[in-house]
Amino acid sequence: MKSFSEISWFDFPKKHFNQIKDEILSKGKNYILQVDENEFIEYLVKKYRLEPLHILFETESVSEPIKGTERRTNHWGENYIAEVFNFTVTYQFTGSAELFQVVPNPRTYSSYDISVRNQYVSFSFSIYRQDVDEFKKSKSQVYDEAFNNLYRVNDNLKEITNSFEYAVKSLFLQEKNKFKEENSFFAAINVNVNKNTTSVFTTPTIVKKNIPQPIVSKNAEFANEPMMSTIMYEDILKVIYDLGKSMEKKPSTYQDKDEESLRDQILLFLETRYDGTTATGETFNRGGKTDIILKYANDNSNLFVAECKFWHGNSEFLKAISQLFDRYLTWRDSKVSLILFVTNKDFSNVLSTIKSEVKTHPYFIKENGKRGESSFSYIFRLPQDENKKVFLEIIAFHYDK
């Protein structure tokens, strides 16, 4: 290519930012809405930040000349065959290779054919006699023609360097907001916790976790309808877990009670804890009535689904998971829980069974951490869509008296 003569400095920044925009769009809506903003913006800045060009003159490498012949014309207009010696001179360079294409502003009208590859830049030239001085003179002239505009391009680059990170961030947020508006997407429902229920049996503090997501799974969490935020899901599970542990200490709260009665005690707290939601029991969803559903009041869409069961051994445990996924969950349900009431004396053995046998379920994908001694987090899939990820929390309580 001709050095510093392919694209004007006025057009180059626009082209460069269009490449960044294309990468953002190539990730798709779900990725952009889910990915950690700061991490992705940092990735874009590092990948697309332009660095000034510097040719490392001390790395000069001259190829062995290729000898040939060439038809030439002398001062009298006579043709003759002359020897020619073709050289290629190569340098290492640092900086962004695409800047070799840019016509700076202002510029000098000098250019030369160069080759740029893997942080090496080279040019070729010919001389017609074996003369060291002629070689040095020709090489110097070609070098000046090829790279005379290098410093001017670097000066142009300084104009956008300081504002580059801000510009990338603005571009990312612009495209992200377009995705939100285009399909009425909400990254999450910011459901407010009712301040009158900020403490159940302990004094929990909801801490917003910064969970980096440099890579977002293709198993999309976002849909065309509102969905529960992670912070709300964490709070719901903590409310249920704290409530269940407190009941363990008070046998009168669970003795002689069936699944429905124990479920209603959980519903009592969920109904009053979150503004803008409704919590119901024995609610029809898909193919049957599930024990607990938390719905978004504005459009009645599901936010959280839970099933309550007494522990009746491993076989019934796996059946309960299948029942939850096969009968009750729709494609829109992504945050669910199975709540187990265990009356066995050997509670530790039951917990070990849960942790080992859950992995045998055909919808199991992977473990997703541990919330407490008897609260376990997993990633499952929907039976009707292998690419749809579902967060399943299995919570067990010991009601043995």
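For the structure itself, consult the block above.
The shown structure was predicted, so the numbers you read here are calculated from the model rather than taken from an experiment.

## Here's the deal with the pairing of strand β3 (residues 66-73)
- With zero of eight residues buried, β3 lies mostly on the surface of the structure.
- Bridge analysis of β3 against strand β4 (residues 79-94) gives eight bridges, and the strand direction is antiparallel. Paired with Arg 72 across the two strands is Tyr 80, which belongs to β4.
- Connecting β3 to the next strand, β4, in antiparallel fashion are five residues, including Gly 77 with a positive phi near 80 degrees.

## Re the pairing of strand β7 (residues 120-127)
- Bridge analysis of β4 against β7 gives eight bridges, and the strand direction is antiparallel. Counterpart to Gln 92 in the pairing with β7 is Tyr 120.
- The sheet contact formed by strand β6 (residues 115-117) and β7 spans three bridges and is antiparallel. Pairing of Val 116 across the sheet is with Val 121, part of β7.
- Between β6 and β7, which pair antiparallel one after the other, the connecting turn spans two residues, and Asn 118 there sits at a positive phi close to 50 degrees.

## A closer look at the environment of Ser 374
- The topology assignment puts Ser 374 in the loop between β12 (364-372) and β13 (375-382).
- Distance in space between the C-alpha atoms of Ser 374 and Ile 394 is 8.1 Å, their sequence separation being 20 residues.
- Contacts of Ser 374, omitting those with residues within four sequence positions, involve Tyr 241, Phe 347, Leu 351, Ile 394, Ile 395 and Ala 396.

## Details of the packing of aromatic side chains
- For the structure on display, the rule yields 30 aromatic pairs.
- One aromatic cluster is present, built from ring pairs that chain together Phe 4, Phe 57, Phe 87, Tyr 91, Phe 93, Phe 100, Tyr 112, Phe 123, Phe 125, Phe 135, Tyr 143 and Phe 147.
- Here the basic side chain of Lys 27 rests over the ring of Tyr 31, its NZ or CZ set 5.6 Å away from the ring centre.
- Over the face of the ring belonging to Tyr 128 we find Arg 72, whose NZ or CZ atom lies 3.7 Å from the ring centre.

## Observations concerning unusual backbone geometry
- In this structure, the amide linkage connecting Asn 105 to the following residue, Pro 106, adopts the cis form with an omega of 0 degrees.
- Mapped onto the secondary structure, Pro 106 falls in the loop between β5 (102-103) and β6.
- Residue Phe 4 is not a glycine yet carries a positive backbone phi of 55 degrees.
- Looking at the secondary structure, you find Phe 4 in the segment before β1 (7-8).
- A relative accessible area of 0% places Phe 4 in the buried class.
- The phi dihedral of Asp 256 is positive, around 60 degrees, even though this residue is not glycine.
- Positionally, Asp 256 belongs in the loop between α7 (230-248) and α8 (259-273).
- Given the relative accessible area of 84%, Asp 256 is considered exposed.

Conventions used here
- Residues numbered from 1 in each chain as written.
- Predicted model: local features only at pLDDT ≥ 70, side-chain atom pairs only at ≥ 80, totals over all residues.
- Heavy atoms only, no water.
- Buried < 20%, exposed > 50% of the residue type's maximum accessible area, 1.4 Å probe, protein only.
- Helix = DSSP H or I, 4+ residues; strand = E, 2+ residues; numbered from the N terminus.
- Pairing = 2+ DSSP bridges.
- Contact = heavy atoms within 4.5 Å.
- Phe/Tyr/Trp six-rings, centres within 6.5 Å; stacked < 30°, edge-to-face > 60°.
- Lys NZ or Arg CZ within 6 Å of the ring centre and 35° of its normal.

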